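# Remarks on the overall topology
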Amino acid sequence: MRTRKKPWTEAELAANSRVVREPFSHKGGWKEFFGNQNPVRLEIGCGKGRFIAKMAAMNPEINFVALERDRTILAAAARNGKEAQNLAFIIGDAESLPELFGEREVDKIYLQFCDPWPNRKKWAKRRLTHVRFLDIYRRILADGGGIFFKTDNRQLMEFSITQFSAGGWLITDVSLDARAAGRPEGDAMPATEYEEKFAALGMPIYRLEAVAIERRSEKAQE
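These remarks concern the structure in this document.

What counts as what
- Residues numbered from 1 in each chain as written.
- Predicted model: local features only at pLDDT ≥ 70, side-chain atom pairs only at ≥ 80, totals over all residues.
- Heavy atoms only, no water.
- Core = buried A, V, L, I, M, F, W, Y, C linked by side-chain atoms within 4.5 Å.
- Buried < 20%, exposed > 50% of the residue type's maximum accessible area, 1.4 Å probe, protein only.
- Contact = heavy atoms within 4.5 Å.
- Helix = DSSP H or I, 4+ residues; strand = E, 2+ residues; numbered from the N terminus.
- Pairing = 2+ DSSP bridges.
- Axes fitted to C-alpha atoms, helices over the stretch in contact; angles between N-to-C directions.
- Phe/Tyr/Trp six-rings, centres within 6.5 Å; stacked < 30°, edge-to-face > 60°.
- Lys NZ or Arg CZ within 6 Å of the ring centre and 35° of its normal.

### As for the nonpolar core
- Within the largest apolar cluster, 37 residues are counted, with the highest numbers of intra-cluster contacts made by Leu42, Ile44, Leu97, Phe101, Tyr137 and Ile147.
- Apart from residues no more than four positions distant in its own chain, Tyr137 is found in contact with Ile44, Ala94, Leu97, Ile109, Leu111, Leu128, Ile147 and Trp169.
- Core analysis: the second largest hydrophobic core is formed by 21 residues, Ile52, Ile62, Ala66 and Ala77 among them.

Written out as C-alpha cells, the structure reads:
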C-alpha cells in the first residue's frame, strides 16, 4: 500500500544530512563515505527508522545504511536518525542493490516484516526472500556475511526457509516464536514498529539467520 505523501517530505529529504543524494556514486566506497573502515550493515525496508536509528546509536563502531523505496517513509526515518553520524538513508529497492553496493561490501543485511505477497502464486517472485533476491544479496555480502530475517507471517516464514535452503544458504538460527526464544544479539537489540504492534496482539514472531555457503541450486522454487 502506497503511503500518502506528506507536504514536508521533499523539504526533509533535501535538508537532512543523513539522506544520501547520489547513492549510486558510492558503490564500492561506503566506508570512505563514512570516513572509516568499520563494517557496513544494511537494512532493506527501514520503515520509520526507529530500529536502525537505535542500532546505530548502540553500535558506533558499525556503519549502517537504511534502504527504503517510499520517499515519505524514508523522510520520516531520516528524521528519526538525523543525529547518527554512522547512519545513512537512501531511496531505492532491493533490485537496485548491485548498483548501490560493490561485491562483498556489506557485512550483514536486516530484512524485517517485508510484504508477504500472499495468495497468488505468481507473486512469489516479489517476496524479498525469493531466490532471485537471495542471489542479489549474496553478491554484496562479505564472506561470512549473513541475513537477519523476521516476519509475523507463517506462510512467508515457511516459504523463506525453503528458499534459503534451495539457494545454498546455511540457516544458523531459526525460531517460530522469537519473543519466547530471546534475541540472538542480546536483549538490547531494538524491536521494529511492526514487531511491537504484532507482539501487543499476542502474535508469534518468526525469525531466522542465514549465511551463504554455496551457489544457488537450480532446483529453487519458482
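### Digging into helix α3 (residues 50-58)
- Listing the buried residues of α3 in full gives Phe51, Ile52, Ala53, Met55 and Ala56.
- In the core, the buried residues of α3 are packed alongside β1 (40-44), β2 (63-68), α4 (71-80), β3 (87-91) and β4 (106-112).

### Topic: the sheet that holds β2
- Here we have seven strands laid out as an open sheet, ordered β3-β2-β1-β4-β5-β7-β6, and mixed in their pairing. Edge positions in the open sheet fall to β3 and β6 (169-175), since each of these has one partner strand only. Strand after strand, the sheet turns through a mean of 20° between neighbouring axes, direction not considered.
- The pairing of β6 with strand β7 (residues 206-212) spans six bridges and is antiparallel. Bridge pairing links Leu170 to Val211 in β7.

### A closer look at the packing of aromatic side chains
- Applying the stated criterion across every chain, the model contains eleven aromatic pairs.
- With a centroid separation of 5.1 Å and 85° between ring planes, the pair formed by Phe33 and Phe34 is classed as edge-to-face.
- Classification of Phe33 as partly exposed rests on a relative accessible area of 31%.
- When the centroid spacing of 5.9 Å and the interplanar angle of 40° are considered together, the rings of Phe113 and Phe198 count as tilted. Here Phe113, found in the loop between β4 and α6 (131-140), pairs with Phe198, found in helix α9 (residues 193-200); they are 85 residues apart in sequence, far enough to count as distant.
- Judged by its relative accessible area of 11%, Phe198 is buried.
- Taking the ring centre of Trp8 as reference, the NZ or CZ of Arg79 above it sits at 3.9 Å.
- Over the face of the ring belonging to Trp117 we find Arg126, whose NZ or CZ atom lies 4.7 Å from the ring centre.

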